[in-house]
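So you can see what is in the structure, the chains are spelled out below.
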Amino acid sequence: MNKTVNQKAWFFVIPVFVLVAFNAIIPLMTVVNYAFQETFGNNVFMWEGTRWFKQIMLSERFHASLGRQFLFTFIILFIQIPLGIAIALTMPKEGIGVPVCLVLMSMPLLIPWNVVGAMWNIFALPDIGFLGHSLNALGFDYNFTQQIGDAWFTTILMDVWHWTSLVVLLSYAGLRSIQPAYYQAAEIDGASRWAVFTKIELPKMKKVLTIAILLRFMDSFMIYTEPFVLTGGGPGNATAFLSIDLVKMALGQFDLGPAAAMSLIYFFIVLLVCWVFYTLMMRNEAKQ
Amino acid sequence: MKKAKWLVPTIYIIFLMLPIYWLLNMSFKTTTEIINTYTLWPQEFTLDNYKKIFTDSTWYTGYLNSIYYVVMNTVISVAAALPAAYAFSRYKFLGDKHLFFWLLTNRMAPPAVFALPFFQFYSSVNLFDTHVAVALSHCLFNIPLAVWILEGFMSSVPKELDETAYVDGYSFWRFFFKIFIPTITAGIGITMFFCFMFSWVELLLAKTLTAVAAKPIAATMTRTASTSGYELGLLAAAGSLTIIPGAIVIYFVRNYIAKGFALGRV
């Protein structure tokens, strides 16, 4: 759509700008304030320069939680995106099955995150949980509160349970927008199922899939509540992802300086990835 | 082949329903049964857990608090986002692209980064432990989302609609409320659904900004889990009840979801 230049449009944007600025800029400045200073309470501050940043960048603890965070995000993307596409491809296209699938599949998205954690905790308990009990009955030595591998397995399974539906819904919406004429043409040409998928369906889903990957990357990168309730970051620090580690540092130990520096580095990483995705997305849109 | 196609969604839905079933199962059991035996369905079916929640004010006020700030946030977000989304979809203005990206970055900001400064900031303006504080803080991620979705819907409405209305002598605001808003009701519905959803499921900020008066249900649950022993049955009942508002909302918007995702670029 060709838009007209109109500077008065700013008046329409002002309410949004004020509300978001109120919530984003003032608290962010507080973080910046803490990141460069040392405080002993009573509003006494001492300038520390970049000391906290150096300390965080060099700390093993930050490297470890950052590593865990990237590993977790890549694993869940690797499972959720193909699985979501596969389910969307097999979903019914008309009839009563459509609303039934949509409503049931959306259920996990609307459960408060700590309830998701609590629910999976109850579900996975080795003695009274269905998952834990069944796995142990099958001969696996499963206990997610004790063993690191089991804790990771449970956290990832929980995230797959929680968020795959979002990928399904997006892919399904993308598939629905394909005109039947494309499929008819493919049939006349005698295209295989695989060719239909790679040549017609996948390109048409490209836009929604970018959004799905972007959203899943961001949300999994800031995951906090669900693993916190499920494992509490344990056993040890095995599932302490970035947000969990950050909250522990800021509110648990009250190391405000390093925590603020870590916040800024954390935010910067998210911003960087977000900018790359956004630029790619806009470039794709401009091409079309 | 035709039969096998039903298999994948069916298995997936069973996988989704299992933990939910387990939660419901637990909520109808007595504490002794939960601790002592492993049963696939309640042997001594009881409604005591639910009774406790509906009679104890610390529990049910939690629900009311949550619903109160979620509704407040949804109304604020959509009301503020409507004109802004219109501006982004119809006009070019100084810094529009940067502003749009800046808004989006706030959707991407990890709430953990903001938890502590929010606490200090809202305490200093005397809004700590109020519904308004939570509703306003959730604007941080809901307003950018609302603008993003609404802009997608508005861009799919041809500009000729606006121009015809002006030729017919409509003033801007009359056109906006009488013609434009009715044409995008589906989009507004979807937007409200997402605002409701993200405000309802968020806990970190809601918990940080409240103590007693505006405590959300989810925080009440966390407290119960840690202080009063391990009342799993009660916890399960409270958890089961938090699923209901979402299920109701999703039932009403089921036909718009797929469409909304496609057009709204969520």
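Residues numbered from 1 in each chain as written. Chains lettered and ligands numbered in written order. Predicted model: local features only at pLDDT ≥ 70, side-chain atom pairs only at ≥ 80, totals over all residues.

(A) Highlighting the overall build of chain B. Along its length, chain B carries 13 helices and 1 strand. Walking chain B from its N terminus toward its C terminus, one meets helices and strands in the order α-α-α-α-β-α-α-α-α-α-α-α-α-α. C-alpha extents for chain B along the principal axes are approximately 75 × 65 × 30 Å. A burial count over chain B gives 47% of its 266 residues as buried. For chain B, long-range pairs separated by at least 24 residues make up 81% of all intrachain contacts whose partners lie at least 6 apart in sequence. (Helix = DSSP H or I, 4+ residues; strand = E, 2+ residues; numbered from the N terminus. Buried ≥ 20, exposed ≤ 12 C-beta atoms within 10 Å, placed from the backbone. Contact = placed C-beta atoms within 7 Å.)

(B) Focus on the overall build of chain A. Each helix and strand counted, chain A has 12 helices and 3 strands in total. Principal-axis analysis of the C-alpha atoms gives chain A an extent of 75 × 70 × 30 Å. Evaluated residue by residue, chain A yields a buried proportion of 40% over its 288 residues.

(C) Seen up close, the interface of chain A and chain B. Contacts between chain A and chain B engage 75 residues on the former and 80 residues on the latter. The element contributing the most residues to the side of chain A that touches chain B is helix H1 (residues 10-35) of chain A, with 13 residues. In this sheet, strand S1 (residues 91-92) of chain B lies alongside strand S1 (residues 4-5) of chain A in parallel orientation, the contact comprising 2 bridges. When the bridges of S1 of chain B are listed, threonine 4 of chain A appears paired with tyrosine 91 of chain B. (Pairing = 2+ DSSP bridges.)

(D) Focus on the packing of H1 of chain A against helix H6 (residues 111-124) of chain B. Packing of H1 of chain A against H6 of chain B leaves a shortest axis separation of 9 Å and a crossing angle of 105°. Considering the angle they form, H1 of chain A stands roughly perpendicular to H6 of chain B. Two secondary-structure elements touch here, H1 of chain A through Ile26, Pro27, Thr30 and Val31 of chain A and H6 of chain B through Val113, Phe114, Pro117, Phe118, Gln120 and Phe121 of chain B. For the contact of H1 of chain A with H6 of chain B, a count of residues per class yields 8 nonpolar, 2 polar and no charged. (Axes fitted to C-alpha atoms, helices over the stretch in contact; angles between N-to-C directions. Parallel < 35°, antiparallel > 145°, perpendicular 65-115°, else oblique. Nonpolar A, V, L, I, M, F, W, Y, C, P; charged D, E, K, R; others polar.)

(E) Up close: helix H7 (residues 131-155) of chain B. All names here are of chain B. A rise of 1.5 Å per residue sets the reference length of H7, with its 25 residues, at 36 Å; its end C-alpha atoms lie 34 Å apart and thus fit the reference within 8%. Of all the bends in H7, the greatest reaches close to 50° and is centred on leucine 140; the proline proline 144 follows between one and four positions later. H7 sits mainly inside the fold: 23 of its 25 residues count as buried. (Expected span 1.5 Å × (residues − 1). Bend = angle between axes of the 7 residues up to and from the residue.)

(F) Highlighting the environment of tryptophan 120 of chain A. Here tryptophan 120 of chain A shows up in helix H5 (residues 113-124). With 100 residues separating them in the primary sequence, tryptophan 120 of chain A and serine 220 of chain A have C-alpha atoms 17 Å apart. If sequence neighbours within four positions are ignored, tryptophan 120 of chain A has contacts with Thr154, Met158 and Leu230 of chain A together with Pro19 of chain B.

(G) How the structure looks around the environment of asparagine 49 of chain B. All names here are of chain B. Inspection of the secondary structure puts asparagine 49 in helix H3 (residues 48-55). Residues asparagine 49 and isoleucine 14, spaced 35 residues apart in sequence, show a C-alpha to C-alpha distance of 26 Å. The residues touching asparagine 49, leaving out its near neighbours within four places in the chain, are Ser27, Gly233, Leu234 and Ala237.

(H) Broad picture of the nonpolar core. Among the nonpolar cores identified, the biggest contains 128 residues, and Ala81, Ala84 and Val147 of chain B are the most heavily contacted of them. Residue contributions to this core peak at 16 residues, all from H7 of chain B. Among all residues touching alanine 84 of chain B, those that are not within four sequence positions of it are Phe12, Val13, Pro15 and Val16 of chain A together with Val147 of chain B. (Core = buried A, V, L, I, M, F, W, Y, C linked by C-beta atoms within 7 Å.)

(I) A look at the packing of H1 of chain A against helix H4 (residues 57-90) of chain B. With their axes 7 Å apart at the nearest point, H1 of chain A and H4 of chain B run at an angle of 125° to one another. As far as their axial angle goes, H4 of chain B and H1 of chain A are oblique. Read as a crossing pair, H1 of chain A and H4 of chain B show a hand that is left-handed. Listed contacts from H4 of chain B to Phe12, Val13, Pro15, Val16 and Leu19 of chain A of H1 of chain A are Ala80, Ala81, Pro83, Ala84, Tyr86 and Ala87 of chain B. For the contact of H1 of chain A with H4 of chain B, the class distribution of residues is 11 nonpolar, no polar and no charged. (Left-handed = near helix turned anticlockwise from the far one by under 90°.)

(J) Up close: the environment of leucine 82 of chain B. All names here are of chain B. Along the polypeptide, leucine 82 turns up in helix H4. Classification of leucine 82 as buried rests on a count of 25 C-beta atoms within 10 Å. Here the alpha-carbon distance between leucine 82 and valine 134, two residues 52 residues apart in the chain, equals 21 Å.

(K) Molecular detail of H5 of chain A. Residues and elements named next belong to chain A. For H5, with 12 residues, the first-to-last C-alpha span of 16 Å sits near the 16 Å given by 1.5 Å per residue. Burial analysis of H5 places 12 of its 12 residues in the buried class, the great majority of the element. Those residues of H5 that fall on the buried side of the exposure criterion are Trp113, Asn114, Val115, Val116, Gly117, Ala118, Met119, Trp120, Asn121, Ile122, Phe123 and Ala124.

(L) Broad picture of the confidence of the model for chain B. Of the residues in chain B, 91% reach a pLDDT of 70 or more, and the chain-wide mean stands at 83. Here helix H12 (residues 217-226) of chain B is the element of chain B with the lowest mean pLDDT, 70, and H4 of chain B is the one with the highest, 91. (pLDDT = per-residue confidence, 0-100.)

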